[in-house]
Amino acid sequence: MQILNGRKVLVARAEVAAFNRVFPCSTLRATRAYWFEFDPVTGDLVDMDCPEQDDGPAAVALSNDCKAFLLHEKEPDWVE
């Protein structure tokens, strides 16, 4: 996971694959990276690079992990 511009978190393809191993119902594709952007004041999700066909509970869970990483420097257990 990488923080960009202090408000966007990039999840690389290898990290998506690692996430999918602990979230077996995930519809996220390990063939691509995803990013999530958060408001610097409220921490609310304001933008993301997640196509409609990939969106769902796994994308929400991944965005929550990204938010925790950005705001609290808490790396998820699935990060290798």
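In this report, we go over the structure that sits alongside the text. Being a predicted model, the structure only gives us computed values, none of them experimental.

1. With respect to the nonpolar core
Working step 1: The biggest cluster of nonpolar side chains holds 19 residues, and the ones touching the most others in it are M1, V9, V11, L28, L62, C66 and W78.
Working step 2: Every element with two or more residues in this core is listed here: strand 2 (8–11), helix 1 (13–22), strand 3 (34–38) and helix 2 (57–72).
Working step 3: The greatest single-element share of this core, amounting to six residues, is contributed by helix 2.
Working step 4: When near neighbours in sequence (up to four residues on either side) are disregarded, C66 contacts M1, V9, V11, F36 and F38.

2. Topic: the pattern of salt bridges
Working step 1: Scanning the model with the defined rule gives three salt bridges in all.
Working step 2: The salt bridge partner of R7 is E37, with a shortest N-O separation of 3.0 Å. With R7 in the loop between strand 1 (2–4) and strand 2 and E37 in strand 3, the pair connects residues that are 30 residues apart, well separated along the chain.
Working step 3: Exposure remark for R7: the relative accessible area of 30% places this residue in the partly exposed category.
Working step 4: Look at E37 and you get buried, because its relative accessible area is 14%.
Working step 5: Its salt-bridge partner being R32, residue D49 comes within 2.5 Å of it at the nearest N-O pair. Pair noted here: D49 is in the loop between strand 4 (45–48) and helix 2 and R32 is in the loop between helix 1 and strand 3, with a separation of 17 residues, a long-range link.
Working step 6: Residue R32 is classed as buried on the basis of its relative accessible area of 18%.

3. Details of the sheet that holds strand 4
Working step 1: What the four strands build is an open sheet, ordered 1-2-3-4; its pairing is antiparallel. Unpaired on one side and paired on the other, strand 1 and strand 4 mark the two borders of the sheet. Direction aside, the axes of adjacent strands within the sheet are offset by 25 degrees on average.
Working step 2: Pairing of strand 2 with strand 3, which is carried by four bridges, proceeds in the antiparallel orientation. Within the sheet, the bridge partner assigned to V11 lies in strand 3 and is Y34.
Working step 3: Contacts between helix 2 and the sheet are confined to strand 1, strand 2 and strand 3, with strand 3 contributing the most and set at about 60 degrees to the helix.

Rules of the game
- Residues numbered from 1 in each chain as written.
- Predicted model: local features only at pLDDT ≥ 70, side-chain atom pairs only at ≥ 80, totals over all residues.
- Heavy atoms only, no water.
- Core = buried A, V, L, I, M, F, W, Y, C linked by side-chain atoms within 4.5 Å.
- Buried < 20%, exposed > 50% of the residue type's maximum accessible area, 1.4 Å probe, protein only.
- Helix = DSSP H or I, 4+ residues; strand = E, 2+ residues; numbered from the N terminus.
- Contact = heavy atoms within 4.5 Å.
- Salt bridge = Lys/Arg side-chain N within 4 Å of Asp/Glu carboxyl O.
- Pairing = 2+ DSSP bridges.
- Axes fitted to C-alpha atoms, helices over the stretch in contact; angles between N-to-C directions.

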